[in-house]
Amino acid sequence: MSSKVYSTDKEELQMLFFSETLAMVSDTGEPQGELTIEVQRGKYQEKLGMLTYCLFVHASSRGFLDKMLCGNSLLGYLSEKLELMEQHSQDFIKFLILPMERKMSLLKQDDQLAVTRSIKEGEEVKTGVTSFPWSSIKGFISEAANLVLLRVMAWRRMVPSNARFLTLDTEGKLCYLTYQNLGFQTIQVDHQQAEVFIVEQTVHAEEGIPMSCQYYLLSDGHLAKRIQVGSPGCCIITKMPILREEDEIEPRPVFEKKPLVWEEDMELYSKFLDRKEELRLGHASYLRQHPEAHALISDFLLFLLLRQPEDVVTFAAEFFGPFDPWRPSSPALGSSHRPNPFRSLEPEGDARSGAA
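Computed from a predicted structure; not experimentally measured.

On to a positive patch on the surface. A grouping of Arg62, Lys94, Lys103 and Lys120 is seen on the molecular surface, where their side chains present a positively charged patch. Mapped onto the secondary structure, arginine 62 falls in strand β3 (residues 51–65). When its relative accessible area of 52% is taken as the criterion, arginine 62 is described as exposed.

Shown next as structure tokens:
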């Protein structure tokens, strides 16, 4: 079983979202009903109430078979890897004597796939529930996933090699599903010639003969024709759709990095002058409000020029140190040899020689 079919990217999935309608006709060309298929992006509420993005698939048909009303509907939720989340299907035939209705629900529950089937014939209803371990149905293709998968094959114009998967037959039993590439063909659609890619799908049920269906697919995934092998009628489109094409993504432009000479930029230079003038006025205003700052700086510069020390930084620390409010107060009787916190202590030998 191949798993390459699941590797679809977001851009490819986006091209698969559209709805289409086909006419159901008899082998003589008489209208019998209508088939509608829709694939859209949706949201799915999981068991714990969390909402996750999903593929929403809805298909329905309604028509007449030997003058008896019949139809079916399909509603499915898939992950972006086409894995089943939930699916409900129903089909009916209004027989004159004993009308028949068949329903099947598939639900992924933790590590199990729960399958609920019910058959109503007249007033009698039979119901059954079956569970399959999720690990035992790797590569499972549901009816909803099949409709999306066909569109993927149409876009890629190919059928994966060894395209053999697991599915459920009409009795709710596991069986094999295969796809076969039947090549290309030109058909007439709405007075136009169109090339279609033909894929044959076969369900190999455990009991009975295999059931095959041929899908004639346009280049963008639209279904032009569907033939149920052995059935007297088919489904065809009556109007040529506007074929969707994959958008060509142009490379992003590359802009070379240029050095910024801000002096030549009139706007930046104007902002620089405005900011410069703003700072100058702010500094001048502050000094007018605090004349003591100007006097303090003048005293320091005068003292510095008179002493002309080698270590200007230490000299400044000694000058401004007494202004520190957190500095411990000096003793009333100072000593000329008390240690200075801004100078490193002299070696003991030098101190002894000085004392001598």
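When glycine is set aside, most residues are seen to have a negative phi, and most peptide bonds are trans. For aspartate 110, which is not glycine, the phi dihedral falls at a positive 55°. Here aspartate 110 is to be found in the loop between β6 (100–109) and β7 (112–121). For aspartate 190, which is not a glycine, the phi torsion comes out positive at approximately 55°. Position of aspartate 190 relative to the elements: it lies in the loop between β10 (174–189) and β11 (192–204). In this structure aspartate 190 comes out as partly exposed when scored by relative accessible area, which is 32%.

Looking now at the nonpolar core. Counting 60 residues, the largest nonpolar core has Leu78, Leu106, Phe140, Val148, Tyr179 and Val199 as its most contacted members. The element that contributes the greatest number of residues to this core is helix α2 (residues 143–156), accounting for 10 residues. Setting aside residues up to four positions removed in sequence, tyrosine 179 forms contacts with Ile141, Asn146, Leu149, Leu150, Met153, Val159, Ala163, Phe165, Val199, Glu200 and Gln201. With 5 residues, the next largest nonpolar core counts Phe300, Phe315, Ala316 and Phe319 among its residues.

Mapped onto the elements, glutamine 201 comes out in strand β11. On the basis of relative accessible area, glutamine 201 is assigned to the buried category, the value being 10%. At a separation of 2.6 Å, a polar atom in the side chain of glutamine 201 contacts the side chain of asparagine 146. Those residues in contact with glutamine 201 that sit more than four places away from it in its chain are Asn146, Leu177, Thr178, Tyr179, Met211, Ser212, Cys213 and Tyr215.

Another point: the pairing of β11. Across 12 bridges, β10 lies against β11 in antiparallel orientation. The partner of threonine 186 across the bridge, within β11, is glutamate 195. Turn length for the β10-β11 hairpin, with the two strands adjacent in sequence and antiparallel, is 2 residues, and the turn residue aspartate 190 shows positive phi of about 55°. With 7 bridges joining them, β11 and strand β12 (residues 211–217) adopt antiparallel strand pairing. Bridge assignment links threonine 202 to a residue of β12, and that residue is serine 212. Hairpin connection between β11 and β12: a loop of 6 residues separates the two successive antiparallel strands, and glycine 208 in this loop has a positive phi of roughly 90°.

Across the chain, the average pLDDT comes to 85, with 88% of residues at 70 or higher. Mean pLDDT values over the elements of the chain span from 43, in helix α6 (residues 348–355), up to 96, in β12. Segment residues 1–5: pLDDT under 50, and 14 contacts once partners within four positions in sequence are set aside and those in other chains are kept. Low pLDDT (under 50) marks residues 345–356, which in the prediction has 1 contact with non-local residues, meaning those over four places away or in another chain.

In this structure, serine 118 sits in strand β7. In the structure, serine 118 is positioned 28 residues away from glutamine 90 in sequence and 9.6 Å away in space, judged by C-alpha atoms. Here serine 118 is in contact with Glu101, Arg102, Lys103, Lys126 and Thr127, once residues within four sequence places are set aside.

Contact pair helix α4 (residues 291–307) / helix α5 (residues 312–320): the axes reach a minimum separation of 11 Å and the direction vectors enclose 135°. Comparing the axis directions of α4 and α5 gives the class oblique. α4 and α5 meet at a crossing whose hand is right-handed. In this structure, α4 uses Leu296, Asp299, Phe300, Phe303, Leu304 and Arg307 to contact α5, whose residues at the interface are Val312, Phe315, Ala316, Phe319 and Phe320.

What counts and what doesn't
- Residues numbered from 1 in each chain as written.
- Predicted model: local features only at pLDDT ≥ 70, side-chain atom pairs only at ≥ 80, totals over all residues.
- Heavy atoms only, no water.
- Patch = residues over 30% accessible without salt bridge, like charges linked within 9 Å, V, L, I, M, F, W, Y side chains within 5 Å.
- Areas by Shrake-Rupley, 256 points an atom, 1.4 Å probe, with all protein chains shown as cover.
- Salt bridge = Lys/Arg side-chain N within 4 Å of Asp/Glu carboxyl O.
- Lys, Arg positive; Asp, Glu negative; His and termini not counted.
- Charge placed at Lys NZ, Arg CZ, Asp CG, Glu CD.
- Helix = DSSP H or I, 4+ residues; strand = E, 2+ residues; numbered from the N terminus.
- Buried < 20%, exposed > 50% of the residue type's maximum accessible area, 1.4 Å probe, protein only.
- Core = buried A, V, L, I, M, F, W, Y, C linked by side-chain atoms within 4.5 Å.
- Contact = heavy atoms within 4.5 Å.
- Polar contact = N/O pair within 3.5 Å; in protein donor to acceptor, adjacent residues only side chain to side chain.
- Pairing = 2+ DSSP bridges.
- pLDDT = per-residue confidence, 0-100.
- Axes fitted to C-alpha atoms, helices over the stretch in contact; angles between N-to-C directions.
- Parallel < 35°, antiparallel > 145°, perpendicular 65-115°, else oblique.
- Left-handed = near helix turned anticlockwise from the far one by under 90°.

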